[in-house]
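Listed below, chain by chain, are the residues.
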Amino acid sequence: AQKVTQAQTEISVVEKEDVTLDCVYETRDTTYYLFWYKQPPSGELVFLIRRNSFDEQNEISGRYSWNFQKSTSSFNFTITASQVVDSAVYFCALRGSGTYKYIFGTGTRLKVLA
Amino acid sequence: DAGITQSPRHKVTETGTPVTLRCHQTENHRYMYWYRQDPGHGLRLIHYSYGVKDTDKGEVSDGYSVSRSKTEDFLLTLESATSSQTSVYFCATLERGSETQYFGPGTRLLVL
């Protein structure tokens, strides 16, 4: 069975603080894909990043960075110097290689206060 | 942008009535999905399609049916709507190669 856990339901930070959103996953597949999506208050789902299980390099994109650690089955997302526009619900998702079904976590609501 | 539209975007209906939501894509993607989003549950898969006339169930398929008669359209039907089906419904397509799902704008359904 596959599972994604986002234990942080809601996080509040003050603008310019760094914040890390946690994602822990479970899968028996040796090949799998991990994703992060952002859902701003307007409601659409915006793709942020995909990571393959065989690529453990961390990735940085501007103020966003992702830390993939197979040893702890985690794929955490850090926003550096947060801004009000980062306020959104963030979802982590998993897809194993043997299926075309995607499993989503319950999401973390991030509030960045001015 | 995967060129996904959903219709209607908002709907209010009464318990017991049938409801059909439409998802339309312009990218010729083979795989299409229907999810529902509810507070505390995130996104849950209802049904997905892997080709014309080929569909499979997700984790919350009870009370829903789907149809795909052409590549670009994926229909979700609530045969007899219940209040527990009040939700936001998202359609998605899968871009092969990147293995990434892209989502439509969502349909907000209220069942009274």
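Here goes a summary of the coordinates provided. Worth saying up front: this structure is predicted, and the values here are computed from it rather than measured.

Details of the packing of aromatic side chains
- Counted under the stated rule, the structure contains 24 aromatic pairs over all chains.
- Here the aromatic rings of tyrosine 25 of chain A and phenylalanine 68 of chain A are separated by 6.3 Å at their centres, their planes lie at 40 degrees, and the arrangement is tilted. One end of the pair, tyrosine 25 of chain A, is in strand β4 (residues 24–26); the other, phenylalanine 68 of chain A, is in strand β8 (residues 64–69), with 43 residues separating them in the sequence.
- Owing to a relative accessible area of 3%, phenylalanine 68 of chain A belongs among the buried residues under this scheme.
- Relative to tryptophan 66 of chain A, the ring of tyrosine 64 of chain A has its centre 6.0 Å away and its plane inclined at 85 degrees; by these criteria the two rings are edge-to-face.
- For tyrosine 64 of chain A, a relative accessible area of 14% puts it in the buried group.
- By relative accessible area, tryptophan 66 of chain A is classed as buried at 4%.
- Taken together, the ring pairs in this structure connect Phe35, Tyr37, Phe47, Tyr102 and Phe104 of chain A together with Tyr33, Tyr35, Tyr48, Tyr50, Phe90, Tyr102 and Phe103 of chain B into an aromatic cluster.

What to know about the sheet that holds strand β8 (residues 73–78) of chain B
All names here are of chain B.
- Read across the open sheet, the four strands follow the order β1-β3-β8-β7; overall the sheet is antiparallel. Looking at which strands have only one partner, the edges of the open sheet turn out to be β1 (4–7) and β7 (64–70). Here the strands of the sheet are splayed against their neighbours by 20 degrees on average, with no regard to which way each runs.

A closer look at the interface of chain A and chain B
- Contacts between the two partners involve 16 residues from chain A and, on the opposite side, 22 residues from chain B.
- When the buried surface of chain A facing chain B is broken down by residue, Leu45, Tyr100 and Tyr102 of chain A rank first, second and third, together holding 36% of it.
- Linking arginine 95 of chain A and glutamate 99 of chain B is a salt bridge whose minimum nitrogen-to-oxygen distance equals 2.6 Å.
- Taken together, the links from chain A to chain B amount to eight residue pairs in polar contact (both at pLDDT 80 or more).
- When residues in the side of chain A that touches chain B are grouped by element, the largest group, four residues, is from strand β5 (residues 32–39) of chain A.
- Here the side of chain A that touches chain B is built from residues that sort into nine nonpolar, four polar and three charged.

Observations regarding the pattern of salt bridges
- Tallied over the full model, the rule gives 10 salt bridges over all chains.
- Across the pair arginine 22 of chain B and aspartate 73 of chain B runs a salt bridge whose closest N-O atoms are separated by 3.1 Å. Here aspartate 73 of chain B lies in strand β8 and arginine 22 of chain B lies in strand β3 (residues 19–25), a separation of 51 residues in the sequence.
- A residue is classified by how much of its surface remains accessible, and arginine 22 of chain B, at 34% relative accessible area, is partly exposed.
- Here aspartate 73 of chain B falls in the buried class, since its relative accessible area comes to 8%.
- For lysine 70 of chain B, the salt bridge identified is with aspartate 73 of chain B, shortest N-O distance 3.6 Å.
- What emerges from the salt-bridge pattern is a single network uniting Arg51, Asp55 and Glu59 of chain A.

Conventions adopted
- Residues numbered from 1 in each chain as written.
- Chains lettered and ligands numbered in written order.
- Predicted model: local features only at pLDDT ≥ 70, side-chain atom pairs only at ≥ 80, totals over all residues.
- Heavy atoms only, no water.
- Phe/Tyr/Trp six-rings, centres within 6.5 Å; stacked < 30°, edge-to-face > 60°.
- Helix = DSSP H or I, 4+ residues; strand = E, 2+ residues; numbered from the N terminus.
- Buried < 20%, exposed > 50% of the residue type's maximum accessible area, 1.4 Å probe, protein only.
- Pairing = 2+ DSSP bridges.
- Axes fitted to C-alpha atoms, helices over the stretch in contact; angles between N-to-C directions.
- Contact = heavy atoms within 4.5 Å.
- Buried area = accessible area lost by both parts, 1.4 Å probe.
- Salt bridge = Lys/Arg side-chain N within 4 Å of Asp/Glu carboxyl O.
- Polar contact = N/O pair within 3.5 Å; in protein donor to acceptor, adjacent residues only side chain to side chain.
- Nonpolar A, V, L, I, M, F, W, Y, C, P; charged D, E, K, R; others polar.

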